[in-house]
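# A look at the structure
One letter stands for each residue in the lines below.
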Amino acid sequence: MTSSASRPALRKQLRQARRALSRAQQHKAAERLKRQLAQDIRFLRARHIAFYLANDGEIDPARLLQLASRYRKHCYLPVLQRWPATGMAFQRLVKGQRWQRNRFGICEPRTDRRRQVKAWRLQLVLLPLVGFDSAGNRLGMGGGFYDRAFAYRRRQRHTVRPRLLGLAHQCQQVPQLPFAGWDVPLDGVITDRGCY
Ligand SMILES: Nc1nc2c(c(=O)[nH]1)N(C=O)[C@@H](CNc1ccc(C(=O)N[C@@H](CCC(=O)O)C(=O)O)cc1)CN2
Ligand SMILES: Nc1ncnc2c1ncn2[C@@H]1O[C@H](COP(=O)(O)OP(=O)(O)OP(=O)(O)O)[C@@H](O)[C@H]1O
């Protein structure tokens, strides 16, 4: 996989690669991801964790969400804001949760501001990646939603909360991603094959 391609071209290639994975490969990857994170101190210690609902071939953290609920952790999902349209909040999941689709067709909890928290209240955020490199640079879907939600971390480098862990299939690693000024570096990346 070349990383000299432009961001949009690279995004397209990598999205195709993850969508091309078979159901059996997806299943295995999700299981391996769960096994790794279930023993990770960052997962075990965190009480407030943001997940995502897998879409577009993303590695699926649903098993971890189930595990976290069993441990009585507070689980959150991203919810796109209507205003500003570039905003994204994290909303806590509740029993009997009602759902809606966002403007990209991704399922999310029905908006309820009382259950939304400030990004810095979370202890661990599991981010969906389109691509990553060994330096912790990430490529997302291109909306800049996660970058904006955690932009404050670039001003407060000492802030450790929340930890940002990118999740990806191993086939999404590239040698080097072009760094954009607004990119918020990750604390780590976890794939079905290991940690970075
Ligand atoms: N599972 C999951 N949930 C998530 C994200 C994600 O990456 N994965 N997001 C992370 O930011 C946010 C949604 N961000 C997105 C940004 C751009 C496109 C996108 O470009 N979609 C279309 C094209 C545009 C359109 O339909 O109008 C596409 O699939 O090509 C989708 C989601 C919030 N929820
Ligand atoms: N902190 C910010 N303030 C304003 N605009 C931003 C900020 N961060 C990113 N953006 C804008 O968002 C757009 C998308 O950024 P980028 O291509 O890095 O998205 P991404 O990281 O792939 O997506 P995502 O964060 O949703 O996973 C860029 O054009 C950039 O201008």
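Criteria and thresholds
Residues numbered from 1 in each chain as written. Chains lettered and ligands numbered in written order. Predicted model: local features only at pLDDT ≥ 70, side-chain atom pairs only at ≥ 80, totals over all residues. UniProt positions renumbered as here; feature names shortened; annotations may be inferred. Pairing = 2+ DSSP bridges. Helix = DSSP H or I, 4+ residues; strand = E, 2+ residues; numbered from the N terminus. Near = placed C-beta within 6 Å. Nonpolar A, V, L, I, M, F, W, Y, C, P; charged D, E, K, R; others polar.

The name recorded for the protein chain in an unreviewed UniProt entry is 5-formyltetrahydrofolate cyclo-ligase, from Halopseudomonas oceani. As stated in UniProt under Sequence similarities (unreviewed entry), the record for the protein chain gives "Belongs to the 5-formyltetrahydrofolate cyclo-ligase family."

The seven strands lie next to each other as β6-β3-β2-β1-β7-β10-β11, forming an open sheet whose pairing is mixed. Sheet topology places β6 (116–117) and β11 (188–191) at the edges, where each strand pairs with a single neighbour. With three bridges connecting them, strand β1 (residues 48–50) and strand β2 (residues 74–80) associate as parallel partners. Opposite I49, over in β2, you have C75 as the bridge partner.

Let's shift gears to the site of ligand 1. Close contacts around ligand 1 come from 17 residues, with F104, P128, M141, G143 and F145 the closest. Elements with a contribution of two residues or more to the shell around ligand 1: β2 and α5 (145–149). Partitioning the shell around ligand 1 into residue classes produces twelve nonpolar, four polar and one charged.

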